[in-house]
Amino acid sequence: MDETTLDQLRYPIGKYKIPKPITEAHLTSWISILEDLPQRLANLVKPLSEEQLETPYRPEGWTVRQVVHHISDSHHHSYIRFKWALTEDNPTIKPYLEKEWSKLFDAKTAPIDISLSHLSAVHAKLVYLLKGLSSEDLKRTFAHPEDNQTTTLEENVGRYAWHGSHHFAHIENLIKREGW
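Notes on the structure in this doc start here. (Residues numbered from 1 in each chain as written. Predicted model: local features only at pLDDT ≥ 70, side-chain atom pairs only at ≥ 80, totals over all residues. Heavy atoms only, no water.)

So, on to the layout of surface pockets. Approximately 1,100 Å³ is the volume attributed to the largest pocket. Lining the largest pocket we find 33 residues, and of these Tyr 11, His 70, Glu 98, Trp 162 and His 163 sit closest to its centre. When contributions to the lining of the largest pocket are tallied by element, the ones reaching two or more residues are α4 (64–87), α5 (98–101), β1 (141–144), β2 (149–152) and α9 (153–178). With eight residues, the single largest contributor to the lining of the largest pocket is α9. Taken as a whole, the second largest pocket encloses approximately 240 Å³ of empty space. In this structure, the second largest pocket is lined by 17 residues; those nearest its centre are Glu 24, Leu 27, Thr 28, Ile 31 and Leu 138. With six residues, helix α2 (residues 24–45) is the single largest residue contributor to the lining of the second largest pocket. In the lining of the second largest pocket, the residues fall into seven nonpolar, five polar and five charged. (1 Å grid on protein atoms, 1.4 Å probe; cavity = no way out; pocket = protein on both sides within 12 Å on 5 of 7 lines; lining within 4 Å. Points joined across faces, edges and corners; volume = space filled by probe spheres on them. Helix = DSSP H or I, 4+ residues; strand = E, 2+ residues; numbered from the N terminus. Nonpolar A, V, L, I, M, F, W, Y, C, P; charged D, E, K, R; others polar.)

Next comes the structure, spelled out in C-alpha cells:
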C-alpha cells in the first residue's frame, strides 16, 4: 500500500488544525459533536459481529474493538485534563502510552458495551461542564510534558471533537470498504 493511501486511512478527516481565532460558533459546533458522539458511535458499532469488531481499520492498525476502547480511555483523560486546568494554574498533565494501553487485555477482549457506556457517562459530564464555562475559563491552559506545549481549554474542546470524529471515520470507512 502506498504512503498516500495509508495516510488517507490514518487521517480520513485530516489532521487537527486549530482555527485562529476560535469563535463561539466553533465552540458550539464542537460541543454538539461531543454531545452526539456516544450515541453515533454506539449506532455505528453495536450492529457489528465479533468477527467485524476484530477487524483492523487499516493495515497494522487497531481493531474496531481497540478503537472503541481507545476513544473511551482518551476522552476520559481529556475530561480530567479539563478539570486540572480549571482548578490549577497551567498544570502539567500526565500523558499515557495509548499504544501500550491498546495492547492490554481489556482493550483487546472486553465487550464494547463497557466502553460505550463509559464514553456516554464521560461525555454527559464533559458536555455539562463545557456548557457552563465562561470565555475566561476556556482560556485556561495546561502543559504537555512531552513537548512543553501549552493548550487552552478552547483548543482542547476542538481537539477532542476532532479526535472522536477522526476515530468514528476510521470505523465508518472500514464498514463502507467492507460493505457491512
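Read on for the rest.
Attention shifts here to a nonpolar patch on the surface. On the surface, Leu 97, Trp 101 and Leu 104 cluster together to form a nonpolar patch covering roughly 300 Å² of accessible area. The residue Leu 97 is located in the loop between α4 and α5 in this model. What makes Leu 97 exposed here is its relative accessible area of 56%. (Patch = residues over 30% accessible without salt bridge, like charges linked within 9 Å, V, L, I, M, F, W, Y side chains within 5 Å. Areas by Shrake-Rupley, 256 points an atom, 1.4 Å probe, with all protein chains shown as cover. Salt bridge = Lys/Arg side-chain N within 4 Å of Asp/Glu carboxyl O. Buried < 20%, exposed > 50% of the residue type's maximum accessible area, 1.4 Å probe, protein only.)

Here β1 shows no split at all, with Thr 141 and Ala 143 on one side and Phe 142 and His 144 on the other all buried. In this sheet, β2 lies alongside β1 in antiparallel orientation, the contact comprising four bridges. What sits directly across from Thr 141, in β2, is Thr 152. Once β1 ends, the chain turns through four residues before running back antiparallel as β2, passing Asn 148 with a positive phi of about 55°. (Pairing = 2+ DSSP bridges.)

This part covers empty space enclosed by the protein. Under the counting rule described, the total for this entry stands at one cavity of 30 Å³ or more. Taken as a whole, the largest cavity encloses approximately 50 Å³ of empty space. Every residue along the wall of the largest cavity is listed here: Gln 66, His 69, His 70, Asp 73, Tyr 96, Glu 98, Trp 101, Ser 102 and Ala 107. The set of elements that each furnish at least two residues to the lining of the largest cavity consists of α4 and α5. Ranked by residue count, the leading element in the lining of the largest cavity is α4, at four residues.

The next thing to look at is the side chain of His 163. By the secondary structure assignment, His 163 is in helix α9. What makes His 163 buried here is its relative accessible area of 9%. A distance of 3.1 Å separates the side chain of His 163 from the side chain of His 70, its partner in a polar contact. Polar side-chain contacts of His 163 include one of 2.9 Å to the side chain of His 75. Not counting residues up to four positions away in its chain, the partners in contact with His 163 are His 70, Ser 74 and His 75. (Polar contact = N/O pair within 3.5 Å; in protein donor to acceptor, adjacent residues only side chain to side chain. Contact = heavy atoms within 4.5 Å.)

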